[in-house]
Amino acid sequence: MKIAILPGDGIGPEIIAQAVKVLNALEEPFEMETAAVGGAGYAAYGHPLPEVTLNLTKKADAILFGAVGDWQYDTLERSLRPEQAILGLRKNLNLFANLRPAILYPELAGASSLKPEIVSGLDILIIRELTGDIYFGQPRGVRIAADGTYIGEREGFDTMRYSEPEIRRIAHVAFQAAQKRCKRLTSVDKANVLETSQFWRDIVRQVHLEYPEVGLEHMYVDNAAMQLIKAPKEFDVIVTGNMFGDILSDEAAMLTGSIGMLPSASLDVNNKGLYEPSHGSAPDIAGKGLANPLATILSAAMMLRFSLAKPLQADRIENAVKKVLSQGLRTPDIYANGTKKVGTVEMGNAVVSALST
Ligand code: IPM
Ligand code: MG
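Now for a description of the structure that goes with this document. Everything numeric in this text was worked out from a predicted model, so none of it was measured. (Residues numbered from 1 in each chain as written. Chains lettered and ligands numbered in written order. Predicted model: local features only at pLDDT ≥ 70, side-chain atom pairs only at ≥ 80, totals over all residues. Heavy atoms only, no water.)

### Section: the site of ligand 1
Within the structure, ligand 1 sits among E83, R90, R100, R128, Y135 and D246. Measuring from an oxygen atom of ligand 1, one finds a side-chain N or O atom of R100 at 2.8 Å. Within the side chain of Y135, a nitrogen or oxygen atom sits 2.5 Å from an oxygen atom of ligand 1. Burial of ligand 1 by the protein chains amounts to 71% of its free accessible area of 320 Å². In terms of residue class, the shell around ligand 1 is built from one nonpolar, no polar and five charged. (Near = heavy atom within 4 Å. Polar contact = N/O pair within 3.5 Å; in protein donor to acceptor, adjacent residues only side chain to side chain. Areas by Shrake-Rupley, 256 points an atom, 1.4 Å probe, with all protein chains shown as cover. Nonpolar A, V, L, I, M, F, W, Y, C, P; charged D, E, K, R; others polar.)

### Some points on the pattern of salt bridges
Tallied over the full model, the rule gives 16 salt bridges. A salt bridge links R143 to E155, with the shortest nitrogen-to-oxygen separation between them at 2.7 Å. On the criterion of sequence distance, the pair formed by R143 in strand β6 (residues 141-144) and E155 in strand β7 (residues 154-157) is long-range, its members being 12 residues apart. Classification of R143 by relative accessible area gives partly exposed; the value is 39%. Using a relative accessible area of 24% as the deciding quantity, one classes E155 as partly exposed. Between D222 and K190 there is a salt bridge, with the nearest N and O atoms lying 3.3 Å from each other. (Salt bridge = Lys/Arg side-chain N within 4 Å of Asp/Glu carboxyl O. Helix = DSSP H or I, 4+ residues; strand = E, 2+ residues; numbered from the N terminus. Buried < 20%, exposed > 50% of the residue type's maximum accessible area, 1.4 Å probe, protein only.)

### Topic: the side chain of E129
Looking at the secondary structure, you find E129 in strand β5 (residues 123-129). Despite its burial, E129 pairs with no opposite charge, the nearest such side chain being R169 at 4.3 Å. A distance of 2.8 Å separates the side chain of E129 from the backbone nitrogen of G132, its partner in a polar contact. When sequence neighbours within four positions are dropped, the list of residues in contact with E129 reads F96, Y162, E166, R169, I170, W200, T240, G241 and N242. (Lys, Arg positive; Asp, Glu negative; His and termini not counted. Contact = heavy atoms within 4.5 Å.)

### Looking at the sheet that holds strand β1 (residues 2-8)
Across the sheet, which stays open at both edges, the 10 strands sit in the order β2-β1-β3-β12-β11-β4-β5-β10-β8-β9 with mixed pairing between neighbours. Two strands lie at the open edges of the sheet, namely β2 (31-34) and β9 (215-220), each paired on one side alone. Pairwise comparison of adjacent strand axes, ignoring direction, gives a mean angle of 20° for this sheet. Sheet strands touched by helix α6 (residues 164-179): β4 (97-103), β5, β8 (184-189), β9 and β10 (237-240). Its angle to β5, the strand with the most contacts, is close to 165°. The sheet contacts of helix α7 (residues 195-208) involve β5, β8, β9 and β10, and relative to β9 the element is tilted by about 175°. (Pairing = 2+ DSSP bridges. Axes fitted to C-alpha atoms, helices over the stretch in contact; angles between N-to-C directions.)

### Things to note about the packing of aromatic side chains
Aromatic rings considered in pairs are described by the distance between their centres and by the relative angle of their planes. Under the defined criterion, the tally for this structure stands at three aromatic pairs. Each ring, one from Y42 and one from Y73, has its centre 6.0 Å from the other, and the planes form 75°; the classification is edge-to-face. Residue Y42 is found in helix α2 (residues 39-45), and its partner Y73 is found in the loop between β3 (62-67) and α4 (83-92); the two are separated by 31 residues along the sequence. Overall, Y73 belongs to the buried group, its relative accessible area being 11%. Measuring from centroid to centroid gives 5.2 Å for Y162 and W200, while their planes differ by 55°, and the two rings are tilted. Within this pair, whereas Y162 is found in the loop between β7 and α6, its partner W200 is found in helix α7, the two being separated by 38 residues in sequence. For W200, a relative accessible area of 3% translates into the label buried. Its end group placed over the ring of F157, R143 keeps NZ or CZ at 3.5 Å from the ring centre. For K341, the ring lying beneath its charged end belongs to Y335, and the centroid distance is 4.6 Å. (Phe/Tyr/Trp six-rings, centres within 6.5 Å; stacked < 30°, edge-to-face > 60°. Lys NZ or Arg CZ within 6 Å of the ring centre and 35° of its normal.)

Here it is in structure tokens:
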């Protein structure tokens with residue numbers, strides 16, 4: 001089985017190195033090949049998603065992705081900015097289903113900005129559609145307005161759109177995920193205002209007929225943002241479009257107090273996937289050995305479970321992570337009094353040791 005390793009920018013290379021170390025320690029016959037992406041891709045080949053990198057990801061069975069983005073590339077034109085790498089991979093590989101679990105580890109309850117009784121035991125799964133919506137809809141751009149109140153003035157515009165097959169396939173993923181959990185699905189939209197959302201709601205309702213054992217609720221996105229803070233444990237699985245999912249998944253991640261802990265998976269129809277931590281490239285702490293590698297290590301576990309059919313190895317990694325937390329090891333982002341502060345490499349080593357016990 002072939003794994004494409006794309007470290008990217010900022011803390012990407014440091015955290016990926018720890019995840020690769022953990023994968024090697026499993027002693028499975030994985031073939032891993034590394035390629036440049038994001039700012040690193042631009043620096044090496046003049047493009048954030050170089051052709052060699054894209055070709056490698058097409059051949060691979062799974063992709064482990066660090067993070068992209070660095071200030072030095074912010075002034076490039078949009079098509080050359082590091083973020084285009086991840087958007088391009090999602091689109092080119094048809095990675096339409098983004099799974100973002102938000103789990104609160106009991107040891108880290110104090111790290112949440114919410115009261116422990118509101119968040120303790122939190123375990124929700126956000127399923128975000130990842131290849132459609134206003135992120136990719138055409139047309140888009142800046143033009144001279146031809147109608148409306150501001151004719152003749154410049155205006156920026158994007159297009160929100162979802163086709164029926166796109167909504168159907170993400171709804172199936174969501175209902176099936178809910179079936180395996182607490183059988184409760186919340187579909188989030190803005191159907192009180194947007195045509196696209198009303199259509200989304202109608203299609204989700206139709207797909208629900210095939211999953212009568214799952215309870216379905218529809219919620220407007222503004223209310224969902226509020227309920228996530230007020231009573232997050234009321235949610236089990238949330239399904240939503242690309243844009244709302246981007247926003248709500250950051251909010252949900254922060255409920256756990258530790259975005260440095262949260263993995264994610266982006267899957268195609270055949271469960272080929274790209275796995276990445278939910279956090280970004282954090283260029284301010286890059287190269288200092290401070291970054292928390294656990295989200296990336298947990299992403300590797302998701303990769304073993306969803307794309308490489310190695311659920312027992314995934315369990316091993318997840319148990320090892322729980323173990324190092326219970327040993328009191330903490331990178332600075334999750335540090336609290338009475339725990340032991342460690343760096344990126346030390347944390348990776350601790351997970352490797354915990355694998356064998
Ligand atoms: C995410 C990120 C990306 C997104 C950016 C980097 C393009 O915020 O994965 O949530 O908006 O999808
Ligand atoms: Mg985001």
